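Observations on the model geometry
What follows is each chain in one-letter form.
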Amino acid sequence: MHRIFTRFDMILKYDVIVIGGGHAGCEAACASANMGARTLLVTMDMNKIAQMSCNPAVGGIAKGQIVREIDALGGRMGIVTDQTAIQFRMLNRSKGPAMWSPRAQCDREKYIWAWRHQLDITDGLDIWQDQADELLVENGEVVGVKTIWGAEIRAKAVVITAGTFLNGLLHIGRKMIPGGRIAEPAVTRFSESITRHGITSERMKTGTPVRIDRRSVHFEDAEIQPGEESHTGFSYLNIPHTSKQLPCWTFNTNAEVHEILRSGLEDSPLYNGQIQSIGPRYCPSIETKLMTFPDRDSHPLFLEPEGENTNEMYLNGFSSSMPMDVQIEALKKIPALRDIKAYRPGYAIEYDFFDPTQLNHSLESKVVKGLFFAGQVNGTTGYEEAAGQGLVAGVNAAIYAGQDKQSPSATEPFVMHRDESYIGVLIDDLVTKGVDEPYRMFTSRAEYRILLRQDDADARLTEKAYALGVAKRDRYDWWMEKKEAIEKIINFCQQAPVKPKLINSELEALGTTPLRAGCKAIDLISRPQITLPILAELIPDLNTVFDELPNRKEEIIEAAEVKMKYAGYIERERVIADKMHRLENIKIKGRFDYDSLQSLSTECRQKLNRINPETLAQASRIPGVSPSDINVLLVLLGR
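Everything in this summary refers to the structure shown in the same document. (Residues numbered from 1 in each chain as written. Predicted model: local features only at pLDDT ≥ 70, side-chain atom pairs only at ≥ 80, totals over all residues. Heavy atoms only, no water.)

**Section: the overall build of the protein**
A tally of regular secondary structure across the protein gives 21 helices and 24 strands. In terms of overall dimensions, the protein has C-alpha extents of about 85 × 70 × 55 Å along its principal axes. Taking all 639 residues of the protein together, the buried fraction comes to 59%. As presented, the protein carries roughly 26,800 Å² of accessible surface, and 50% of it is formed by carbon and sulfur atoms. (Helix = DSSP H or I, 4+ residues; strand = E, 2+ residues; numbered from the N terminus. Buried < 20%, exposed > 50% of the residue type's maximum accessible area, 1.4 Å probe, protein only. Areas by Shrake-Rupley, 256 points an atom, 1.4 Å probe, with all protein chains shown as cover.)

**Some words on the side chain of Thr 462**
Mapped onto the elements, Thr 462 comes out in helix α11 (residues 457-468). Look past the residues within four positions of Thr 462 in its chain and what remains in contact with it is Ala 72, Ala 457, Ala 471, Arg 475, Tyr 476 and Trp 479. (Contact = heavy atoms within 4.5 Å.)

**Topic: the pairing of strand β7 (residues 101-106)**
Within β7, 6 of the 6 residues are buried, leaving the element largely enclosed by the surrounding structure. Taking every second residue as pointing to the same face, both faces of β7 are buried, with Ser 101, Arg 103 and Gln 105 on one and Pro 102, Ala 104 and Cys 106 on the other. Here 3 bridges tie strand β5 (residues 57-59) to β7, and the two strands are oriented antiparallel to one another. Among the inter-strand pairings, Ala 57 is bridged to a residue of β7, identified as Gln 105. (Pairing = 2+ DSSP bridges.)

**Topic: the state of the cysteines**
In total, this model carries 0 disulfides according to the counting rule given. Cys 493 takes part in no disulfide bond, and the closest cysteine sulfur, belonging to Cys 519, lies 11 Å away. For Cys 519, a relative accessible area of 17% corresponds to the buried category. (Disulfide = S-S within 2.5 Å.)

**Topic: the environment of Glu 184**
Relative to the elements of secondary structure, Glu 184 occurs in the loop between β14 (175-178) and α5 (190-195). A polar atom in the side chain of Glu 184 sits 2.9 Å from the side chain of Arg 181. (Polar contact = N/O pair within 3.5 Å; in protein donor to acceptor, adjacent residues only side chain to side chain.)

**Here we look at the pairing of strand β21 (residues 347-354)**
Within β21, 8 of the 8 residues are buried, leaving the element largely enclosed by the surrounding structure. The two faces of β21 match: Tyr 347, Ile 349, Tyr 351 and Phe 353 on one face and Ala 348, Glu 350, Asp 352 and Phe 354 on the other face are all buried. Two strands pair when backbone bridges link them, and strand β15 (residues 201-213) and β21 are joined in this way by 8 bridges, in the antiparallel orientation. When the bridges of β21 are listed, Thr 206 appears paired with Ile 349.

**Thoughts on the sheet that holds β5**
Taking strand neighbours across the sheet as the criterion, the 3 strands line up as β5-β7-β6 in an open arrangement whose pairing is antiparallel. Where the open sheet ends on each side, the last strands, each with one partner, are β5 and β6 (85-91). Taking each pair of neighbouring strands and ignoring which way they run, the sheet shows an average axis angle of 15 degrees. Pairing of β6 with β7, which is carried by 6 bridges, proceeds in the antiparallel orientation. Following the sheet pairing, Leu 91 is matched in β7 by Ser 101. Along the sheet, helix α3 (residues 77-84) makes contact with β5, β6 and β7, crossing β6 at roughly 115 degrees. (Axes fitted to C-alpha atoms, helices over the stretch in contact; angles between N-to-C directions.)

**Here's the deal with the packing of aromatic side chains**
As enumerated under the stated definition, the model contains 8 aromatic pairs in all. With a centroid separation of 4.7 Å and 45 degrees between ring planes, the pair formed by Phe 219 and Trp 249 is classed as tilted. Of this pair, Phe 219 sits in the loop between β15 and β16 (223-225) while Trp 249 sits in strand β17 (residues 248-252), and the two are 30 residues apart along the sequence. Plain terms: the ring middles of Phe 592 and Tyr 594 are 6.0 Å apart, the flat faces sit at 35 degrees to each other, and that makes the pair tilted. Each of the two residues, Phe 592 as well as Tyr 594, counts as buried. Sitting over the ring of Tyr 236, Arg 68 keeps its end group 4.0 Å from the ring centre. The ring of Tyr 439 carries the charged tip of Arg 445 above its face, separated from the ring centre by 4.2 Å. (Phe/Tyr/Trp six-rings, centres within 6.5 Å; stacked < 30°, edge-to-face > 60°. Lys NZ or Arg CZ within 6 Å of the ring centre and 35° of its normal.)

**Comments concerning the pattern of salt bridges**
If you walk through the whole model with that rule in mind, you get 46 salt bridges. Asp 120 is the salt-bridge partner of Arg 116, the closest N and O atoms lying 3.7 Å from each other. Of this pair, Arg 116 and Asp 120 both sit in helix α4 (residues 108-120), 4 residues apart, which is roughly one turn of the helix. Here the salt bridges do not stand alone but share partners, grouping Arg 418, Asp 428, Asp 429, Lys 433, Glu 447, Glu 584 and Arg 621 into one network. (Salt bridge = Lys/Arg side-chain N within 4 Å of Asp/Glu carboxyl O.)

**A few points about the environment of Pro 438**
Along the chain, Pro 438 turns up in the loop between α10 (422-433) and α11. Separated by 87 residues in the primary sequence, Pro 438 and Ile 525 place their C-alpha atoms 42 Å from one another. Once you skip the residues sitting within four places of it in the chain, Pro 438 turns out to touch Met 204, Lys 205, Ile 278, Gly 279, Pro 280, Gly 379 and Thr 381.

**A short note on the sheet that holds strand β22 (residues 371-373)**
Read across the open sheet, the 5 strands follow the order β8-β4-β3-β12-β22; overall the sheet is parallel. If you trace the sheet from one side to the other, it starts and ends with β8 (125-129) and β22, each paired once. The average undirected angle you get between the axes of adjacent strands in this sheet is 20 degrees. The pairing of strand β3 (residues 16-19) with strand β4 (residues 39-43) spans 4 bridges and is classified as parallel.

**A closer look at unusual backbone geometry**
Here Ala 50, not a glycine, exhibits a phi torsion of approximately 55 degrees, which is positive. Residue placement: Ala 50 occurs in the loop between β4 and β5. The exposure class of Ala 50 is buried, given its relative accessible area of 0%. Backbone geometry at Leu 363 places phi at a positive 75 degrees, although glycine is not the residue there. With respect to the secondary-structure elements, Leu 363 resides in the loop between β21 and β22.

**Concerning the nonpolar core**
Counting 136 residues, the largest nonpolar core has Phe 190, Ile 489, Leu 532 and Leu 535 as its most contacted members. Ranked by the residues each element gives to this core, the list is headed by helix α9 (residues 383-401), at 12 residues. Every residue in contact with Leu 532, bar those within four places of it in the chain, is listed here: Ile 489, Cys 493, Ile 525, Leu 542, Phe 546, Ile 557, Ala 560, Glu 561 and Met 564. In terms of nonpolar packing, the next biggest core, distinct from the first, is built from 26 residues, Phe 251, Leu 303, Phe 318 and Ala 330 among them. (Core = buried A, V, L, I, M, F, W, Y, C linked by side-chain atoms within 4.5 Å.)

**What to know about the side chain of Arg 211**
Take Arg 211: it is sitting in strand β15. On the accessibility criterion, Arg 211 (1% relative accessible area) is buried. Only 3.1 Å separates the side chain of Arg 211 from the side chain of Thr 208, close enough to count as a polar contact. Here the side chain of Arg 211 touches Glu 306 through a polar contact of 3.2 Å, side chain to side chain. Apart from the residues within four sequence positions on either side, Arg 211 is in contact with Ser 53, Cys 54, Arg 108, Glu 306, Glu 312, Met 313, Tyr 314, Ala 342, Tyr 343 and Arg 344.

**Quick notes on the environment of Met 324**
Here Met 324 lies in helix α8 (residues 324-331). If we skip the residues at most four places from it in the chain, Met 324 touches Ile 172 and Pro 345.

Okay, structure coming up:
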C-alpha cells in the first residue's frame, strides 16, 4: 500500500477497493486478496462486519447450496457458519438429493467476530473504517473513491456492496428516519455519484421483525423445534462445531392477532402510500400476509435464538412496519407471548439498487470499466445470494486489476454457467432478466437441479477455483483425497458380486424384491430401500472399504451413494445441459443491428438492444425473446 499525505487529504493506493463490509463485501475482499490483489475493504463500522441485519441464519432452500458453492470456491461463509452455528438442519430430506438444503441458526455476535478474524488473517487485505462519498471516474473507467473524511483512495477496480445503506429510509408506522439499518446512518450522496455516469438506479424495500426478550416467553405454550444431533455442516473442510446447540420454537398467529393488525392498517407504510417501492414476494410482512390471504385465521411463526449468551430472540414470520403499539398489542394475543417484552419493533427500509442488466456476467458494469456490483445493490435479497455475488465480483475485480501483469489467458473473466452452480443461475438471471422485486434464489429457478446438489459443489468447483488461485492448496488436497475415496467405494460396488442365496432373506426383510440371479452390489443401490450403510451390513467387505476412508466418512459415503443411485438422472441432465452449451458457444454480441431485423418481434428487438446478450443461449433466456426469434437469429448466423 502507498500513502501520500497532503496538507488536507490523504491518498491511499490499492489494486481493488471493496465498499461495504456486509456478506458480499467480506467475500469480495477475501477473494480479491486471495487472487493476489492488494485489497482495501472500506466499512462504516469495523465492529459490525458481516452483520446479520435480519435473521441470524444461513442457508435454507437453494440458499444452502449457494453456501456450499461459496465454500467449494474458497470462500469463507461456510467456515464462519460452522464455527458459530447453534442449530443445524438438513431441509427436504424426504425429497430427492437435488432438493436437500442445509440450514443453520448462528450466534449473531460470534458470527461477526469469526468473520472479522477471517479478514484479519487474509494476506494482502486491509480494512479502512470510513464512508464512501464519491466514486471517482476518469474517461469512462473507475479510478477510486473519496470518503466523507477526506481520504482519496485510488485503485484499478472498485466493488460496490453497500447493501441497504444507499439513501436508506426506515419506516415504523408513519414515522420515517434516514438510516441504513436501525440506529445506523444512511449513505446520502454516493448513489448520485454513481448514477451521474449513466448507471440507472431504482428503489426497493425490505423489512425485519420484532426482537423479543426470551425471559418474557411462555415456552410451555410453544412447540419445540430441535436441530439435528450430528451434522457435517456447510464447509467441506473439517471445521469443529464448538457452539452449544439450541432449539427453536414455533406457534401460530390467531384471529385476535389479525383483528388488531387490521385495525392498524391505515397507519401501515405499506398501505397508506408512504412506501412506493416493491418488497420481497417470498418473505412478506405480516400485514401483507393478511391482505394476500384474507381467509386464513392463522400463520406460523418461529421463535429463534440470537445466540448462546443473549436473551434476544428473533420472531421469524412476523416482519412488519406497523406502528410499535400495534405490533406489541397484536403479539400479546399469542399465548406464548402474552407477557411479551420487546427489545425493538420490526421496521421496513427502502434503499437504492442499480439495474443489474447493466452488468456483464463478471458483475462488471457495462457503463463504467473496472466498476463491479454485488449484493442487494443488484436487487437481490439474502445473505447467501449477496455472498455468492461478492465472491464472483472479488475474483473478477482482481483479474481486471491485474491485467497488466498477467498473461492474456489469465485475464478472462470468471463466469459460471447455469449447469455449474446456483451462483451461475443467480447471476445469469440478474444480468439477463433484471429484477422487478427483490430476487431470492429457489431450486425451481435452476433447470439443472440434479447437477447442482449440495453434496457435490466441491466436485463441480474446487479444481476450477484452485486453478484460478482463489481456493488454496489445503482445500484442493482435501477434495482430491475425497474424490479418490468416492471412486474407491463406487469401484468396489461395481465389482463386488452378490449371490441370491446369501442375501435374499435380508432383502425380503427390508421390503424389497429378492434376487433371481446374481448381480453386482451397485445394482442394489438403485433400490430406494437400500443405502450404502445397509449394503455394508449385507456385504461385510464393504465395511473394510469404509474403515479406510479419511475424515468425514458420512459425507464421503453419502456422496458416493448419490452418484450411484441417481446416475441415470444425472447423465440425462448432463446430456441436456451439453446441448444447451452449443448455444452458449454461439457469440452474438456486436454481430447484429437488432433495429434492422424486422423479422424479429418489436419486443424482442427492444430487449436485445437493452441487454445486448453475449451469446445465443443468454438471448434465449430474456423475457420477451421467443423460440421463433432465436430461430431467426440462427438462420441469419448461418447466412
